[in-house]
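Survey of secondary and tertiary structure
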Amino acid sequence: MAVSKRSKRFEVLEQRPVHKDGFIGEWVDVGLIAMGSPNDPKPSIRIEGSKVVEMDGKRREDFSMIEQFVADYAINVKNAPEAMAKSELEIARMLVDVNVSRGECIRVMTALTPAKIARVMDSLNIVETMMAMQKMRCRQTPGNQCHITNVKDHPVLLAADSAEAALRGFIEIETTVGVARYAPFNALALLVGGQTGRRGTLSQDALEEAFELEIGMRGLTSYAETVSVYGTESVFVDGDDTPWSKSFLASAYASRGLKMRFTSGTGSEVQMGAAEGKSMLYLEVLCIMVTKGAGVQGLQNGSISCIGVPGAVPSGLRAIACENLVTMCLDLEVASGNDQTFSHSDQRRTARTIPQLFPGTDLIFSGYAAEPNYDNMFAGSNWDIDDMDDFLAIQRDFKVDGGLRPASEEDVIAIRNKAGRALQAVFAELGFPPITDEEIEQATYAHGTKEMGDRNIPEDLKATERLMKEGVTGIDVAKALAKRGFRDIAESIILMMRQRVAGDYLQTSAWIDGDGTVYSAVNDPNTYAGPGTGYKMSDARWDEIKAIPWAVRAEDV
Amino acid sequence: MAQVNEQLIADVVRQVLKGVNGGGSSAPAASGSGITSADYPLGIKRNDLLKSPRGIPFGELTLENVESGKVTFEDFRISPEVLKMQGEIATSAGRSQIALNLGRAGELTKVPDARILEIYNSLRPHRSTKDELLSIADELEKKFGASVCAGFVREAADVYQRRKLLKGDLPSAD
Amino acid sequence: MQINPELLEKIVAEVLAEMSGGSSGSSVATAAPEDVAGVKLSETGKAVRGTDPKEVVLAISPAFATTFKKTITDIPLADVLRQVFAGVEEEGLHVRVIRVYHTADVAFMSHLGARLSGSGIGIGILSRGTTIIHQRDLNPLSNLELFPQAPVIDLPAFRAIGKNAAKYAKGESPTPVPTKNDPMARPRYQGLAALLHNKEASFIDRSKAPQELSVTFE
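Residues numbered from 1 in each chain as written. Chains lettered and ligands numbered in written order. Predicted model: local features only at pLDDT ≥ 70, side-chain atom pairs only at ≥ 80, totals over all residues.

What about the overall build of chain B?
This is how the line gets drawn: Working definition: helices are DSSP H or I runs of at least four residues, strands are E runs of at least two. Numbering for both runs from the N terminus. Put simply, a residue is buried when 20 or more other C-beta atoms lie within 10 Å of its own C-beta and exposed when 12 or fewer do; between those, it is partly exposed, and each C-beta is set from the backbone. Two residues qualify as being in contact provided that their C-beta atoms, derived from the backbone, are within 7 Å of each other.
The helix and strand tally for chain B stands at eight helices and zero strands. Reading the helices (α) and strands (β) of chain B from amino to carboxyl end gives α-α-α-α-α-α-α-α. Counting every position in chain B, which comprises 174 residues, the buried fraction comes to 41%. In chain B, once contacts between residues fewer than 6 apart in sequence are set aside, the share between residues at least 24 apart is 50%.

A word on the overall build of chain C
Within chain C, the secondary structure is distributed over five helices and seven strands. N-terminal to C-terminal, the α/β element order of chain C is α-β-β-α-β-α-β-β-β-α-α-β. The burial tally for chain C puts 55% of its 218 residues in the buried class. Pairs at least 24 apart in sequence give 76% of the contacts found in chain C among residues at least 6 apart.

As for the interface of chain B and chain A
Note the cut-off: Classes in brief: Ala, Val, Leu, Ile, Met, Phe, Trp, Tyr, Cys and Pro nonpolar; Asp, Glu, Lys and Arg charged; the others, Gly included, polar.
The interface of chain B with chain A comprises 51 residues on the first partner and 59 residues on the second. Sorting the residues of the side of chain B that touches chain A by element identifies α1 (2–21), α2 (42–45), α3 (63–67), α4 (80–92), α5 (96–108), α6 (113–123) and α8 (147–162) of chain B as the ones contributing at least two each. With eight residues, the single largest contributor to the side of chain B that touches chain A is α5(B). Broken down by class, the residue content of the side of chain B that touches chain A amounts to 33 nonpolar, 11 polar and seven charged.

Some thoughts on helix α7 (residues 130–144) of chain B
All names here are of chain B. Keep this limit in mind: Helices are assigned an expected span. That span is 1.5 Å times one less than the residue count.
With 15 residues, α7 should cover 21 Å at 1.5 Å per step; its first-to-last C-alpha distance of 21 Å lies within 8% of that length. In this structure, the buried side of α7 is in contact with α6 and α8. Immediately beyond the C-terminal end of α7, within one or two residues, lies G145, with a positive phi of roughly 65°.

Some details on helix α5 (residues 102–109) of chain A
Residues and elements named next belong to chain A. Heads up, the condition is: The arc in question is the one spanned by the directions pointing from the helix axis to the C-beta atoms.
Within the span of α5, buried status applies to R102, C105, V108 and M109. The buried residues of α5 all sit within an arc of 125° when viewed along its axis, so they share a single face. The secondary structure elements touched by the buried residues of α5 are α3 (80–85), α4 (88–96), α6 (114–122), α7 (126–136) and α15 (316–329).

Structural notes on the sheet that holds strand β12 (residues 366–369) of chain A
Strands in a sheet are paired, the pairing made by backbone hydrogen bonds, and the direction either parallel or antiparallel. All names here are of chain A. Heads up, the condition is: Two strands pair under a simple rule: DSSP has to find at least two bridges between them. Axes here refer to lines fitted to C-alpha atoms; in helices the fit is confined to the stretch in contact. Angles between the N-to-C directions go from 0 to 180 degrees.
Taken together, four strands build an open sheet; the order of strands is β6-β5-β4-β12 and the sheet is parallel. Here the strands that pair on one side only, and so sit at the sheet edges, are β6 (202–205) and β12. Each adjacent strand pair in this sheet contributes to an overall mean axis angle of 35°, direction not counted. Strand direction decides the pairing type here: strand β4 (residues 145–147) and β12, joined by three bridges, are parallel. Opposite C146, over in β12, you have Y368 as the bridge partner. Helix-sheet contacts for helix α9 (residues 183–197) involve β5 (172–175) and β6, and the interaxial angle to β6 is about 170°.

Observations concerning the domain arrangement of chain B
All names here are of chain B. The test is simple: Domain extents, as shown, originate in an automatic or database domain assignment.
If you check the domain split of chain B, you get domain 1 (1–109) and domain 2 (110–174). At the junction of the two partners, domain 1 supplies five residues and domain 2 supplies nine residues. Within the side of domain 1 that touches domain 2, the residues separate by chemical class into one nonpolar, two polar and two charged.

So, the packing of helix α12 (residues 243–255) of chain A against α5(B)
What counts is decided by this rule: What makes a crossing left-handed is the near helix being turned counterclockwise from the far one by less than a right angle; a clockwise turn instead makes it right-handed.
Relative to each other, α12(A) and α5(B) sit at 65°, their axes nearing to 8 Å. Seen along the crossing, α12(A) lies across α5(B) with a hand that is right-handed. Packed against α12(A), whose contacting residues are A250(A), S251(A), A252(A), A254(A) and S255(A), the element α5(B) presents N101(B), L102(B), R104(B), A105(B) and L108(B) at the interface. For the contact of α12(A) with α5(B), a count of residues per class yields six nonpolar, three polar and one charged.

Describing the confidence of the model for chain C
Residues and elements named next belong to chain C. Put simply, the rule is: One number per residue, pLDDT, summarises how confident the predictor is, and it ranges from 0 to 100.
On average, chain C scores 86 in pLDDT, and the residues at 70 or more come to 83%. By mean pLDDT, helix α1 (residues 5–21) is the weakest element of chain C at 51, and strand β2 (residues 55–60) is the strongest at 98. Segment residues 19–33 is flagged for pLDDT under 50; beyond a separation of four residues in sequence, or across chains, it makes 13 contacts in the model. Two summary scores accompany this predicted model of the complex, namely pTM at 0.90 and ipTM at 0.96.

Right under this line is the structure:
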């Protein structure tokens, strides 16, 4: 900065998008460090009987609530002495070695303390982390999830976007709101739109925990994800929960036959000002272990909404890949982030996604913006609908399965229109403020809310209040659809309701195929053991990925 | 390769158990029902075992029966028996914590929605006194037979006391 | 929406100083609060539950308008207060301000405000600008209106927030303040927000009860 005569090159570089990103130096005292803080504890364990009486240098009577929970529920004490005796490097090499089975790695990794796991991760470089991911993820077939939101909480646009997203291959769709009280309509729009686009699409509302549970019990959502856990006691309490309340909540979901996963991510503790000087990855390992101990099948992590923090410090994106890997190593489903803006630079955006996209994860994105980012109410995703063709090209370039498929313009228009009409029918049948034909037309062809008119918000909010008060359920929605001639969508909603009787999608990494079959880590376990094993793309799937509509065909030239 | 062998073994075990039970598929889903990952997904492979809480068979949970009023929203609920089976599947796939969670869930099937939400909120930090938590545990145990959940709530009460997470432990309490 | 280079430089310089000096920011927590230009805030005792149905309680964070003088986008905090007051007052209601010491979590701050408020409506504002309108009988992490992206909240928005809070207090159902969304706010500001929040958090006193403030605009 002190140079008197400026270099033209440096002046050009300073104008590049990457210079708009926030980069900050490490600040160890408050935990602004991605991995390996000098304040991270040293690994240790002492077991008396079957109880952990010392963990990572701390005696049991001094454990925080998180440490007590992790020690009692998330460490296999039988295997611990043997596993803890191995060096970090030896364990790291096991993870990468194709001759060591996934099962053996799980046996060791689930018997380690948090500090030990963090150190194992620090022994891997980014390519080794990706190699380990390929072997360690729970389900063999990768999948993808998207966000469905808009700045107006416009229900018709939400339904249309849901249908398009499901058609494009997203197996899960997630919404949140600009105005919290709109949430019941968002849930309704995703349910109807998602089942219009593809039977079996799982949908959820990311909102306050008790509300999420209530709306899930009603059958308006089919799973929950925004059930947050944190790595320090004070931040956990600021999140208005404890490992016990969260575990009870997890059991409550399961008692109603509802799938759920927890959410955490590097950077949340320091973002909330209480990281106690520990590294972001070490604290995240505690979160992953709380999830394991709660008996929850999976976790959304990969920094998530705090990515601006690890994204700004050295080795931050590597730490994010490591947190995904730890989740897999504890035999949990991972919805691996990539769901929040963190950079102005297209190169950084793409690079951030490679560690999840190339090895494959259960849900590569836990929120690809299926709308333009200006409408993404999670404050923007790393990729949005305008990047869709880039994503399809990358799947094709590398023959990698990112879970998405090319869709034709006419199919997208048709499915968006149908979703709008279906939601119109439900609103009419349930006596909610009418959806006009004009709104359906707008939503059918819209890029985003800029093409949508305004709804009468106070009237809509009165209706959402009534929806909650009167106890409208998924069954009421199915009946309304059937009555108004949308029998196929009604059947799909019944199929989703039946899942909660069978409970198959409570198992790890479950998703629902169009014929109602549940696939999970139980019946589609990852069998990777080196070249020629593991996930193999079918010919049909490869043909689908190859067929981007805008490619020039040799026979046409 | 290890996966394939496990699957084979599980299949053999299941067949043996079927033989022991004399047909198997009608065997009640009590403890040790012999359900393993080979029976998964139950909705496809063993839907003969699935019923709504008031006993309506899985196959009758259809749109037509919803329209006729024969089945209602209350029928689309998981039963403790099915949660137990899913727990056994999780255990056979090496996931014991999930089985524990599904065990708690099985107990909670008997607790009404509104009460579950209330108990959850009571377990949040700084919401309850120790006595309040202990009386919830008693309620779970005596009223709903939820002894595992009761033990879990009692454990929480101890931890909250030790870590100052009970009602009144905050200066702002009004 | 301008990035605030002065503030950024100041913070970075402070951080660098602390990192090399090894002292943490908490030592200044005991220093006598100094007023920011344009407003005088003085503590008058422990905050209590109000009974006046015509009041909205505004809960501010531990270092609001003392150590921190501006929001993340450089809006003077005195102006923020002025606009919230104006918004509430033009609906015929009035604001009671409390300072929260035991947390810097805007959800719990605003919920506490709502619980102490005679009308049951509270507003919480962090020094960097993050704001919530809350209601007494909601769960702490729920809200009536949430403004999570501090960088997009401008002065007219603060006035509208005050106005809507007053309308809720009167039992009306106002149209929520239009939501703004800048998907690029996170990459630009989140690292900085983390720095600011850690600064603010160093003023948390977990044993100190919320205090009533008298507010005089100058």
